[in-house]
Amino acid sequence: MLSRVVTAGLLLALAGCTNVKVEPVAPQYKISRLCIEENPKVVVGDFVAGVQTVLRRHGIDSQVYTAPVPANCEYRLNYTAIRSWDLSMYLSDATVRLYKGEQQIGFAHYNLTNEGGFDLSKLASVEEKMAPVINQLLGQKQ
């Protein structure tokens, strides 16, 4: 009996759990271009590039800007991202908010419970982690 409890505990520790919460963009918003507000506090170096790659797959062109918002930005995206360390640096938490003007029209949050535990998939690229999140944000099922 004790060995089963220990085995179950080890399996739970090995299985990192990913939590994703998304409030998708309504279908009436036809986004072909958006501006991404640079967040200098984020030290996940490939975060913006990974998000931009996913956006391009949706036919959305993007440009990065430093506040204030450029006048030609109808849609804008801001983000936070946190990295953790285990063998190497990896994305463990991210929030993305999408706006039309000052109105928030979409929200997505990605989080590795317990920073991913011993599950080595936590070391996947930003693009691999954020693609399903951005897909849901933009109204596509995973």
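Structure: above.
Residues numbered from 1 in each chain as written. Predicted model: local features only at pLDDT ≥ 70, side-chain atom pairs only at ≥ 80, totals over all residues. Heavy atoms only, no water.

Quick look at the packing of aromatic side chains
What counts, and what does not: Pairing of aromatic side chains here covers Phe, Tyr and the six-membered ring of Trp, requires ring centres within 6.5 Å, and sorts the geometry by plane angle: under 30 degrees stacked, over 60 edge-to-face, intermediate tilted. Per the convention used, a helix needs a DSSP run of H or I reaching at least four residues, while a strand needs a run of E reaching at least two, with both numbered from the N terminus. With a 1.4 Å probe rolled over the protein chains alone, any residue whose accessible area is under 20% of its type maximum counts as buried; one over 50% counts as exposed, and the rest are partly exposed. Placement of a positive charge over a ring is assigned whenever Lys NZ or Arg CZ falls within 6 Å of the ring centre and within 35 degrees of the normal to the ring plane.
One pass over the structure, following the stated rule, counts two aromatic pairs. Consider the rings of Tyr-29 and Tyr-75, whose centres lie 6.5 Å apart with planes at 85°: the pair is edge-to-face. Taken as a pair, Tyr-29 in the loop between β1 (17–23) and β2 (33–37) and Tyr-75 in strand β4 (residues 75–86) lie far apart in primary sequence, 46 residues in all. When its relative accessible area of 18% is taken as the criterion, Tyr-29 is described as buried. For Tyr-75, a relative accessible area of 5% corresponds to the buried category. Here Arg-76 stacks its cationic end above the ring of Tyr-99, 4.2 Å away from the centre of that ring.

Comments concerning the state of the cysteines
We count it as follows: Note that a disulfide, as used here, is simply two cysteine sulfur atoms within 2.5 Å.
The tally for this structure, following the rule as stated, stands at one disulfide. The partner cysteine of Cys-35 in its disulfide is Cys-73, sulfur to sulfur 1.8 Å. Torsion about the S-S bond of the Cys-35 and Cys-73 cystine: about -80°, corresponding to left-handed handedness. Remark: Cys-73 occurs in the loop between β3 (61–65) and β4 and Cys-35 occurs in strand β2; sequence separation between them is 38 residues. The two residues Cys-35 and Cys-73 agree in class, both being buried.

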